[in-house]
Amino acid sequence: MRDTPLTLPAFVTFFLTKHVPCSALLLAMLSSVIWLPNLFMSIPLLAVVMSFVAIFLNALTPALFALIFMGGGLRYSLQVSAIIMILVSVINSSLLLGIVVGGLYALLPIWAASALMREQGLKLCATRLLFALSLAVMLGLSLSGSSQDLNLHAHVDALLAPMFSAIPTDAGALPAEGLAEIRHLLSWSLPGLLAFGLWSAWWAGILSARNFACKYGFYTGIQDDMLSLNLGKPVAYLLLGCLLLANFDIAGLQYIAVNLGLVLAGAMAVQGVSVVHVWLKARDMPMAIAMMYVLLFIWSMMVIPFIVLGLLDIWYDYRRNINPTLGEK
């Protein structure tokens, strides 16, 4: 931590402290997935690159809302959120869309960021995002499917159908059996993978916003290390409950249990990775830490031991013995 905070650049201060410039910046980032790639449609390769840039900017929007809350307080951040809701509603002629976008991209990050300033704030921030985003994904897909008289699983199947029907199955492509297996796996896991991806991006973004605020001296809350994450027993029990329900073919419930269990297992794996990272760091083994992340990236099955370790850490708190400052308080 710095003894003397840095001074924010003038242009950053201008955008973050004025309602209109701040709202304009947030709206541009939020809608970048629509307008940014279209600016470069005449150059296909550049349009693809800009699509990834747009996704990155969109994913940073919750972090910026969290940063505005940390620097400007609840009143200012809610005022900016209200402006965004109004602008989205007017532009799209849909009050419901404005409320949904404002709730997810503005109010949820503010609510999650407010948890960081409390005791055990890291856990509270992570779990608030975890359950809110899981609910949003499941509910959003369910409502979208209900408009077509489809249940959640059938709707996900329908969303995947165009993508797989466009893949050729001749001799030079993947065999039809392999494609069917991939489609089956995606059909059963897509909501969970989407919710976990959003949680990972938004939680990391909010923690990055906190680090930025600390660097420039306008965050005064508790500064728990990311490696101290402990999701708590309720999350562990819910994961075990989902694993149990996933074995019973109950209409709709099995599918929800599988996908919610996938999200919770991913979060538990993050806790397991934190345990190993702290253990290796305490023994001054940076090369082993790097290899751990490389193996996780290239070999998906490596995640299973980390899920188990994360579950065990809920009860045994391995990091307390390694470094008392990282243990559960």
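Residues numbered from 1 in each chain as written. Predicted model: local features only at pLDDT ≥ 70, side-chain atom pairs only at ≥ 80, totals over all residues. Heavy atoms only, no water.

Chemist: Account for the overall build of the protein, with residues named and values stated.
Modeler: Helix and strand content of the protein: 13 helices and 0 strands. Walking the protein from its N terminus toward its C terminus, one meets helices and strands in the order α-α-α-α-α-α-α-α-α-α-α-α-α. For 329 residues, the compact-globule estimate of 2.2 N^0.38 gives 20 Å, and the protein sits close to it at 22 Å. Taking the principal axes of the C-alpha coordinates as reference, the protein spans close to 65 × 55 × 40 Å. Burial statistics for the protein: of 329 residues in total, 39% are counted as buried. Taking all contacts inside the protein whose residues are at least 6 apart in sequence as the whole, residues at least 24 apart take part in 69%. (Helix = DSSP H or I, 4+ residues; strand = E, 2+ residues; numbered from the N terminus. Rg over C-alpha atoms; globule rule 2.2 N^0.38 Å. Buried < 20%, exposed > 50% of the residue type's maximum accessible area, 1.4 Å probe, protein only. Contact = heavy atoms within 4.5 Å.)

Chemist: Before we move on, could you go through the pattern of salt bridges and cite the residues and values that matter?
Modeler: This model, assessed by the stated rule, comprises 1 salt bridge. Notably, a salt bridge pairs Asp313 with Arg319, separated by 2.5 Å at the nearest N-O pair. The buried category is assigned to Asp313, whose relative accessible area is 0%. Exposure remark for Arg319: the relative accessible area of 0% places this residue in the buried category. (Salt bridge = Lys/Arg side-chain N within 4 Å of Asp/Glu carboxyl O.)

Chemist: Talk me through the layout of surface pockets; I want residue IDs and the actual numbers.
Modeler: Taken as a whole, the largest pocket encloses approximately 1,100 Å³ of empty space. Broken down by secondary-structure element, the contributors of at least two residues to the lining of the largest pocket are α8 (176-215), α9 (233-245), α10 (253-282), α11 (286-298) and α12 (303-316). Of the residues assigned to the lining of the largest pocket, the class counts are 29 nonpolar, 7 polar and no charged. When its volume is computed, the second largest pocket comes out at roughly 590 Å³. Lining the second largest pocket are 18 residues, and of these Val100, Leu104, Ala136, Val137 and Gly140 lie nearest its centre. For the lining of the second largest pocket, the elements supplying multiple residues, two or more each, are α5 (95-115), α6 (121-146) and α8. Broken down by element, the lining of the second largest pocket gets its largest block of residues, 8 residues, from α6. (1 Å grid on protein atoms, 1.4 Å probe; cavity = no way out; pocket = protein on both sides within 12 Å on 5 of 7 lines; lining within 4 Å. Points joined across faces, edges and corners; volume = space filled by probe spheres on them. Nonpolar A, V, L, I, M, F, W, Y, C, P; charged D, E, K, R; others polar.)

Chemist: Describe the packing of helix α4 (residues 44-92) against α5, listing the residues and the values that go with them.
Modeler: Close contact between α4 and α5 brings their axes to 7 Å; oriented N to C, the two are set at 175°. Judged by the inter-axis angle, α4 sits roughly antiparallel to α5. (Axes fitted to C-alpha atoms, helices over the stretch in contact; angles between N-to-C directions. Parallel < 35°, antiparallel > 145°, perpendicular 65-115°, else oblique.)

Chemist: Can you tell me about the environment of Ser144, naming the residues and giving the values?
Modeler: Inspection of the secondary structure puts Ser144 in helix α6. In the structure, Ser144 is positioned 48 residues away from Leu96 in sequence and 14 Å away in space, judged by C-alpha atoms.

Chemist: Any chance you could break down α5 for me, citing the residues and the numbers?
Modeler: Its 21 residues give α5 an end-to-end C-alpha distance of 28 Å, which sits within 8% of 30 Å, the value for a rise of 1.5 Å per residue. At Gly103, α5 shows its largest kink, close to 40°. Of the positions making up α5, those classed as buried are Gly98, Val101, Gly102, Tyr105, Ala106, Leu108, Pro109, Ile110, Ala112, Ala113 and Ala115. (Expected span 1.5 Å × (residues − 1). Bend = angle between axes of the 7 residues up to and from the residue.)

Chemist: Requested: an account of the packing of aromatic side chains, with residues and values cited.
Modeler: This model, assessed by the stated rule, comprises 9 aromatic pairs. Ring geometry for Tyr105 against Trp202: centres 5.2 Å apart, planes inclined by 55°, an arrangement best described as tilted. You can see Tyr105 sitting in helix α5 and its partner Trp202 sitting in helix α8, a full 97 residues away along the chain. With a relative accessible area of 18%, Tyr105 lands in the buried category. Using a relative accessible area of 4% as the deciding quantity, one classes Trp202 as buried. (Phe/Tyr/Trp six-rings, centres within 6.5 Å; stacked < 30°, edge-to-face > 60°.)

Chemist: Lay out the environment of Gly145 in plain terms, naming residues and giving numbers.
Modeler: Following the sequence through the fold, Gly145 ends up in helix α6. Since its relative accessible area comes to 0%, Gly145 is described here as buried. Along the chain, Gly145 and Ala158 lie 13 residues apart, while their C-alpha atoms are 9.1 Å from each other. Discounting chain neighbours no more than four positions away, the residues touching Gly145 are Leu150 and His155.

Chemist: Can you explain the environment of Ala66? Please cite residues and give values.
Modeler: Assignment of secondary structure puts Ala66 in helix α4. Considering only alpha carbons, one finds Ala66 and Pro109, 43 residues apart in sequence, at a separation of 5.5 Å. If near-sequence neighbours (up to four positions away) are discounted, Ala66 is found in contact with Pro109, Ala113, Ile206 and Ala209.

Chemist: Could you give an account of unusual backbone geometry, naming the residues involved and the relevant values?
Modeler: For Asp284, which is not a glycine, the phi torsion comes out positive at approximately 55°. On the secondary structure map, Asp284 appears in the loop between α10 and α11. The backbone phi angle of Asp317 is positive, close to 50°, even though this residue is not glycine. Turning to its location among the elements, Asp317 is positioned in the loop between α12 and α13 (318-322). Residue Asp317 is classed as buried on the basis of its relative accessible area, which comes to 10%.

Chemist: I'd like to hear about the side chain of Asn230, residue by residue, with values.
Modeler: In this fold, Asn230 is placed in the loop between α8 and α9. On the accessibility criterion, Asn230 (5% relative accessible area) is buried. At a separation of 3.1 Å, a polar atom in the side chain of Asn230 contacts the main-chain amide nitrogen of Gly232. (Polar contact = N/O pair within 3.5 Å; in protein donor to acceptor, adjacent residues only side chain to side chain.)

Without other data, these values stay purely geometric and don't point to any function.
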